[in-house]
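Chain by chain, the residues run as shown.
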Amino acid sequence: MLLEKIINFFDYFHQTRIIRYLKQFEIRYFIDVGSHKGEFLSYLLKLKYEKIFCFEAQKNIFEILHQKYKKNKKIHFFNIGLAEKNSAKTFYINKISSTSTFSQSKNSFFSNLKKFILNSNNFYEKKYIIKTKKLDDYFIKKKINNIFLKIDVEGFELNVLKGAKKLISKKVKLILIEKHFFQLYKNYKPNEVHLFLEKNNFKLLKKFTFPLMYFQDNIYIKRK
């Protein structure tokens, strides 16, 4: 798809900037929530690390991710959805798989524009139920610290953070989180994400605006 190729072209420069910035920090462990096919993971591998934990909810996309990186024994893969509680939620598959999400699309100008660009009659192609777990359940008992947490889940970021409160309070040093500028999803309030992180002792450190100007990746650091 031409649109996806254009996005990937600009994404290379965007991710390169982020990784170059991260080189100044000593980070031992990476958690990649919303790994997709390993686009960001491919850049993480350029940094020094002990282990990387990848979470991807889409089964077919997870298989692509796993096949691509399974020979690297330092990478651990989880085909599960992450949320604020252990439950089951409806997952919406979009024409561009990297934008598939637990978030419901909002009937807005920008959502309809996206639908027009993709030549689609619906906001999503199909939907199905996926079991969800809290990120805390995976890591709170692990003896690891100095973690970099990246979350890219298309408007569902606050839900993931709420399921990781113990983790971020005790073990996480840096958080990279996506912020959308346009209203694409119901109940999406990026300012609530910022306030949640501020309340949990993190401060905004650096902003990376995507070249096409429709989203931003923000890095937060734990206050000393």
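The preceding data block contains the structure.
Please read all numbers here as calculations on a predicted model, not as lab measurements. (Residues numbered from 1 in each chain as written. Predicted model: local features only at pLDDT ≥ 70, side-chain atom pairs only at ≥ 80, totals over all residues. Heavy atoms only, no water.)

**Digging into the side chain of aspartate 32**
Topologically, aspartate 32 is positioned in strand S1 (residues 29-33). The residues contacting aspartate 32, other than those within four sequence positions of it, are Phe40, Leu41, Phe53, Cys54, Phe55 and Lys150. (Helix = DSSP H or I, 4+ residues; strand = E, 2+ residues; numbered from the N terminus. Contact = heavy atoms within 4.5 Å.)

**Notes on the pattern of salt bridges**
Side chains carrying opposite charge are able to pair once their charged atoms draw close together. The final tally for this structure, using the stated rule, is six salt bridges. Here aspartate 32 makes a salt bridge to lysine 150, at a shortest N to O gap of 2.6 Å. Placement of the pair is aspartate 32 in strand S1 and lysine 150 in strand S7 (residues 147-151), with a sequence separation of 118 residues. Taking relative accessible area as the criterion, aspartate 32 reaches 0% and is therefore assigned buried. Since its relative accessible area comes to 6%, lysine 150 is described here as buried. Between lysine 59 and glutamate 63 there is a salt bridge, with the nearest N and O atoms lying 4.0 Å from each other. Of this pair, lysine 59 and glutamate 63 both sit in helix H3 (residues 59-69), separated by four residues, roughly a single helical turn. The exposure class of lysine 59 is exposed, given its relative accessible area of 54%. (Salt bridge = Lys/Arg side-chain N within 4 Å of Asp/Glu carboxyl O. Buried < 20%, exposed > 50% of the residue type's maximum accessible area, 1.4 Å probe, protein only.)

**Some thoughts on the pairing of S1**
Counted residue by residue, S1 has five buried out of five residues, so it is predominantly covered. With burial as the criterion, each face of S1 is covered, one bearing Tyr29, Ile31 and Val33 and the other bearing Phe30 and Asp32. Pairing analysis gives five bridges linking S1 to strand S2 (residues 51-55), with the strands arranged parallel. Paired with valine 33 across the strands is phenylalanine 55, a residue of S2. (Pairing = 2+ DSSP bridges.)

Taken by themselves, the reported measurements are silent on function.
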